[in-house]
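Here is how the chains run, residue by residue.
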Amino acid sequence: MDLVSSFTGLRLDGRRENEIRDIRCQFGVAKEADGSVLFEQGNTKILATVYGPFDSGDNDDDDGDLAVLEDPTAIECEFKLSAFSQQDRRTRQGEDPRSEEYAEYMETCYRVIMFPHKNASSIVRLSCQVLQADGGHLAAALTAGTLALIDAGIPVKDLIVGCSATVVEGKPLMDVSSQEDLQRLPQITVGVIPRNQEIIVMDTKNRFHKDLLAPLLDAAVKGCTQTFQVIEKIVRDHVRKAAGAMSS
Amino acid sequence: MPLLKREMDMKQEEDTAAIREQPGQKTSFPGDVVFSLDTISTRTLFLGPGVRKEADNLIATRCGVLRYRPPATFFLDTSDDSYLPATGDDIVGVVVRRRGQEVLEQYYMVDFGKNTSRQTGVLPILAFKGATKRYRPNLKKGDLVYCRVRKTTVDGPVRLTCTSNNTKEQFWGPLRRTGALYRAKLSFVRRCLTEGSAEHSMIMEVGAKFPFESAVGLNGRIWLYTGFEKSQNLLYLLFRDAEEANGDVMLIKKITGRFLQETATLGDDFPVEDNTQYWVTRVA
């Protein structure tokens, strides 16, 4: 089956090449967490929870060590792919290298937008649990994580939004779904600050020619801008509701 | 001199006008420019939580509504519910553990976070009124303590104390274990402590007719104590209902009336046993 129909020009899930999937999110789902969001992008569903900020414990033992030179950690991320999230139920033994890599990407991203030096020795724990996997996990996790940070009221400079892109027969496709993901096509995921289009992280998957990089990046960044417009509207509506409760 | 003052007043009025012109009630979003500083003449700014200055703009770092107090105080009013310690806040904390080697250098780790054991401060073991090396409160893990934030620093622990140089009264100290701890929203707690609010007058009205002890911590914890089982439960429910009323004056009055009626008609109440000795004398 063709990923892009030669007849209609539509993808398998009925989108055009430059369309992202529907985004829905729900704030404050986990009551125990300081901030949480249930983020859905198409059929990909992620639960992001934020705990903290709390004491990182660096200053606990007064052994006279100077921890000043070290860079403050600010955030610890965790990316988990649930056993039930994919088509086949699989429980992994040991640690998953991909998840760890994703967690590291998230940490790099959020450290850029947070203020690590303003609250040294305090730490924020962010965990992204994939409940339904339908492609674009890293991209969705990056977006969901930012929203959870906002929900927790942690000061951030700006937002980070993720988007993935792939290329089929020379045509770049935005926001990869799992059907496209399975084809071992060139794929790229970026984490972008959409306001100034600054790329913070980039993850590539499968081999591809360097000439494809420019159109892929272009598509991914455009996808980020689209995602940003959607989540901006969602968050503003959410805040407006909360602000109504605030004044009363 | 008067002329200068008038000029300054005029300038301030202009500033206020300029600020009014900018969208005030707009909700902002991290990264938004919430306010442009080239429209006002004052150069000294007081920035509260949620805003930061970059070049000539104020930029939001959280979601919320920009609030302005003349002449140049800006902060972002947010609906989120996490407590940030500030010097002078009275809080209700839970003792987590005791640390340190020498008796004089020992301190209690006290948790005062909105959720349990995420935010801790240090309370020196002798930072109680009248405490000496031999006669001092002996707090165990899980004990409640009403204390004041003495100092907060960027990279150190939050320092707490139960003493004060300014007042002779002794509010702070260990709280009875048999009291009830109610966890409220921060906004509710702040309203409880604001004179003139419905919640504050509720506490005053109830307190005039019905004896009870309470400690309202700005970290969203309210400790309640009557010494009797039924009435303490009723008191707890009163606070819960008052929080649900969400500042509705009429509703709170109604709840207060009902509470007073219920306590008046209360049958035999069981005293809550509390034999804990917090202050102990140690022989060397």
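The numbers attached to residues start from 1 for each chain and follow its sequence in the written order. Lettering for chains starts from A, numbering for ligands starts from 1, and both go in the order in which the items are written. Where local features are concerned, this predicted model is filtered to residues with pLDDT of at least 70; where side-chain atom pairs are given and counted, the filter is 80 or more; whole-chain, interface and lining totals use all residues. Where side-chain values are given, they derive from all heavy atoms of the structure, hydrogens and water being excluded.

Per an unreviewed UniProt entry, the recorded name for chain B is K Homology domain-containing protein, and the organism is Ramazzottius varieornatus. UniProt positions are given in the numbering used here, feature names are shortened, and annotations may be inferred rather than shown by experiment. Looking at the Subcellular location (unreviewed entry) heading of the UniProt record, one finds this comment for chain B: "Nucleus".

The name given to chain A in an unreviewed UniProt entry is Putative exosome complex component RRP41, and the organism recorded there is Ramazzottius varieornatus. Taken directly from UniProt, the Subunit (unreviewed entry) text for chain A runs: "Component of the RNA exosome complex." Looking at chain A in UniProt, the text filed under Sequence similarities (unreviewed entry) is "Belongs to the RNase PH family."

Novice: How should I be thinking about the overall build of chain A in this particular structure?
Specialist: For helices the rule is a DSSP run of H or I covering at least 4 residues; for strands it is a run of E covering at least 2, with both sets numbered from the N terminus onward. Looking only at helices and strands, chain A features 4 helices and 9 strands. The N-to-C order of helical and strand elements in chain A reads β-β-β-β-α-β-α-β-β-α-β-β-α. Between the two quantities, the radius of gyration covers C-alpha atoms and the globule rule is 2.2 Å times the number of residues to the power 0.38. Rg of the C-alpha trace for chain A: 19 Å, near the compact-globule value of 18 Å for 248 residues, within the 12% margin. Taking the principal axes of the C-alpha coordinates as reference, chain A spans close to 70 × 45 × 40 Å. Counting every atom, chain A has about 12500 Å² of accessible surface; 48% of that belongs to carbon and sulfur. Working convention for charge: Lys and Arg count positive, Asp and Glu count negative, and His plus the chain ends are omitted. For this purpose, a charge sits on NZ of Lys, CZ of Arg, CG of Asp or CD of Glu. When the 27 positive and 39 negative side-chain charges of chain A are each reduced to one mean point, those points stand 9 Å apart. Accessible surface is estimated by sampling points in the Shrake-Rupley manner with a 1.4 Å probe; for residues, cover comes only from the protein chains shown.

Novice: Explanation requested: unusual backbone geometry in the structure shown.
Specialist: Across the chain, the bulk of peptide bonds are trans and the bulk of non-glycine residues have phi less than zero. Residues and elements named next belong to chain A. One non-glycine residue, R184, lies in the positive phi region at around 55 degrees. Assignment of secondary structure puts R184 in the loop between helix 3 (178-181) and strand 8 (187-193). Buried residues are those whose accessible area, probed at 1.4 Å on protein chains only, stays under 20% of the maximum for their type, while exposed residues exceed 50% and partly exposed ones sit between those limits. The class of R184 is exposed, set by a relative accessible area of 66%. Non-glycine residue N206 carries a positive phi angle of around 65 degrees. With respect to the helices and strands, N206 occurs in the loop between strand 9 (198-205) and helix 4 (213-247). Looking at N206, the relative accessible area reads 28%, which means it is partly exposed.

Novice: I keep staring at the nonpolar core and nothing clicks. Help me out?
Specialist: To form a nonpolar core, buried Ala, Val, Leu, Ile, Met, Phe, Trp, Tyr and Cys residues must be joined to one another through side-chain atoms within 4.5 Å. Among the nonpolar cores identified, the biggest contains 63 residues, and M106(A), Y110(A) and L149(A) are the most heavily contacted of them. Per-element accounting of this core gives the leading share, 11 residues, to helix 4 of chain A. For this analysis, residues touch if any pair of their heavy atoms sits within 4.5 Å. Setting aside residues up to four positions removed in sequence, M106(A) forms contacts with C77(A), F79(A), L126(A), C128(A), A141(A) and L142(A). Membership of the second largest hydrophobic core comes to 29 residues, among which are V92(B), L123(B), I125(B) and A131(B).

Novice: Just checking my understanding: could you explain a negative patch on the surface for this structure?
Specialist: By definition, no residue in a patch forms a salt bridge, and every one has over 30% relative accessible area; like charges are joined within 9 Å, nonpolar side chains (Val, Leu, Ile, Met, Phe, Trp, Tyr) within 5 Å. Salt bridges are counted wherever a side-chain nitrogen of Lys or Arg sits within 4 Å of a carboxyl oxygen of Asp or Glu. A cluster of acidic residues, E95(A), E100(A), E101(A) and E104(A), forms a negative patch on the protein surface. Along the chain, E95(A) falls in the loop between strand 4 (74-81) and helix 1 (97-113).

Novice: In this structure, what is going on with the pattern of salt bridges? I would like to understand it.
Specialist: Taken as a whole, this structure holds 25 salt bridges over all chains when the rule is applied. For R176(B), the salt bridge goes to E213(B), with nearest N and O atoms at 2.9 Å. Here E213(B) lies in strand 16 (residues 213-217) and R176(B) lies in the loop between strand 14 (173-175) and strand 15 (180-183), a separation of 37 residues in the sequence. Bridged by salt links that share partners, the residues D13(A), R15(A), R21(A), D134(A) and D175(A) form one connected network.

Novice: How do you make sense of the sheet that holds strand 3 (residues 46-47) of chain B when you look at a structure like this?
Specialist: Adjacent strands of a sheet pair through backbone hydrogen bonds, lying either parallel or antiparallel. Two strands pair under a simple rule: DSSP has to find at least two bridges between them. In space, the 4 strands of this open sheet follow the order 1-6-7-3 (chain B), with mixed pairing throughout. Each end of this open sheet is capped by a strand with a single partner; those strands are strand 1 (27-28) and strand 3 of chain B.

Novice: Hey, could you run me through helix 2 (residues 186-193) of chain B in this one?
Specialist: Counting along an α-helix, one turn takes 3.6 residues, and residues three or four places apart therefore face a common direction. Within helix 2 of chain B, the full set of buried residues consists of L186(B), F188(B), V189(B), R191(B) and C192(B). Packing partners of the buried residues in helix 2 of chain B comprise strand 15, helix 3 (198-209), strand 16, strand 17 (221-225) and helix 4 (229-245) of chain B.

Novice: I keep staring at the packing of aromatic side chains and nothing clicks. Help me out?
Specialist: The relative placement of two aromatic rings is captured by the distance of their centres and the angle of their planes. Pairing of aromatic side chains requires ring centres within 6.5 Å, counting the rings of Phe and Tyr and the six-membered ring of Trp. Pairs whose planes differ by under 30 degrees are stacked, by over 60 edge-to-face, and all others tilted. One pass over the structure, following the stated rule, counts 12 aromatic pairs over all chains. A centroid spacing of 6.3 Å and a plane angle of 40 degrees characterise the contact between F228(A) and F29(B), whose relative ring orientation is tilted. Note that F228(A) is positioned in helix 4 and F29(B) in the loop between strand 1 and strand 2 (33-36), a pairing that runs across two chains. Seen in terms of ring centroids, F35(B) and F74(B) are 4.9 Å apart; in terms of plane orientation they differ by 40 degrees. Their pairing is tilted.

Novice: Explain the side chain of D158(A) here, please?
Specialist: Following the sequence through the fold, D158(A) ends up in the loop between helix 2 (137-151) and strand 6 (161-168). Setting aside its immediate chain neighbours within four residues, D158(A) contacts I113(A), I193(A), R195(A), P30(B) and G31(B).

Novice: Is there a simple way to explain the interface of chain B and chain A in this structure?
Specialist: Much of the literature gives interface size as the accessible area that the parts lose upon coming together. If you look at the interface, chain B gives 28 residues, while chain A gives 33 residues. Accessible surface is computed with a 1.4 Å probe, and the buried area is the amount of it that two parts give up when combined, taken over both parts together. Here chain B meets chain A over a buried area of about 2400 Å², counting both sides, of which 52% is carbon and sulfur. Applying the counting criterion to the chain B and chain A interface returns 2 salt bridges. The closest approach of N and O atoms between D32(B) and R236(A), which form a salt bridge, is 2.9 Å. We call two N or O atoms a polar contact when they sit within 3.5 Å, provided that within protein one can donate a hydrogen and the other can accept it, with sequence-adjacent residues counted only if both atoms are side-chain atoms. For the pair chain B and chain A, the number of links is 6 residue pairs in polar contact (both at pLDDT 80 or more). Here the element with the most residues in the side of chain B that touches chain A is strand 6 (residues 64-69) of chain B; it accounts for 3 residues. Residue classes in the side of chain B that touches chain A are distributed as 6 nonpolar, 12 polar and 10 charged. Gly counts as polar in this scheme, as do all residues outside two lists: the nonpolar Ala, Val, Leu, Ile, Met, Phe, Trp, Tyr, Cys and Pro, and the charged Asp, Glu, Lys and Arg.

Novice: Would you explain helix 5 (residues 249-264) of chain B in this entry?
Specialist: Residues and elements named next belong to chain B. Expected helix span is computed as 1.5 Å times (number of residues minus one). Between the first and last C-alpha of helix 5 there are 23 Å, a value that for 16 residues agrees with the 22 Å anticipated at 1.5 Å per step. Along helix 5, the positions that sit buried rather than exposed are I252, I255, T256, F259, L260 and T263. For helix 5, the angular spread of the buried residues around the axis is 135 degrees, confining them to a single face. Residues of helix 5 that are exposed and point over 90 degrees away from its buried face: M250, K253, K254, Q261 and A264. In this fold, the buried residues of helix 5 make contact with helix 3 and helix 4. Where helix 5 begins, one side-chain oxygen reaches toward the backbone nitrogen of M250, 3.3 Å away; that side chain belongs to D248. Read the arc as the range of directions from the helix axis to the C-beta atoms.

Novice: Looking at this structure, how should I read the UniProt feature "domain: Exoribonuclease phosphorolytic" (unreviewed entry) in chain A?
Specialist: With numbering aligned to this structure, UniProt lists the feature "domain: Exoribonuclease phosphorolytic" (unreviewed entry) at residues 19-155 and 158-222 of chain A. Secondary structure over residues 158-222 of chain A splits into 22% helix and 42% strand, and the C-alpha atoms at its two ends are 18 Å apart.

Novice: How do you make sense of the sheet that holds strand 1 (residues 23-27) of chain A when you look at a structure like this?
Specialist: Residue and element names in this part refer to chain A. The strand order across the open sheet built from 5 strands is 1-2-3-5-4, with neighbouring strands paired in mixed fashion. This sheet does not close on itself; its edge strands, each paired only once, are strand 1 and strand 4. Pairwise comparison of adjacent strand axes, ignoring direction, gives a mean angle of 15 degrees for this sheet. In the sheet, strand 2 (residues 35-41) pairs with strand 3 (residues 44-55) via 7 bridges, with the strands oriented antiparallel. Paired with E40 across the bridge in strand 3 is K45. Packing of helix 1 onto the sheet brings it into contact with strand 4 and strand 5 (122-132), and relative to strand 4 it is tilted by some 145 degrees. Only the stretch in contact is used when a helix axis is fitted, and all axes are lines through C-alpha atoms; the angle between N-to-C directions ranges over 0 to 180 degrees.

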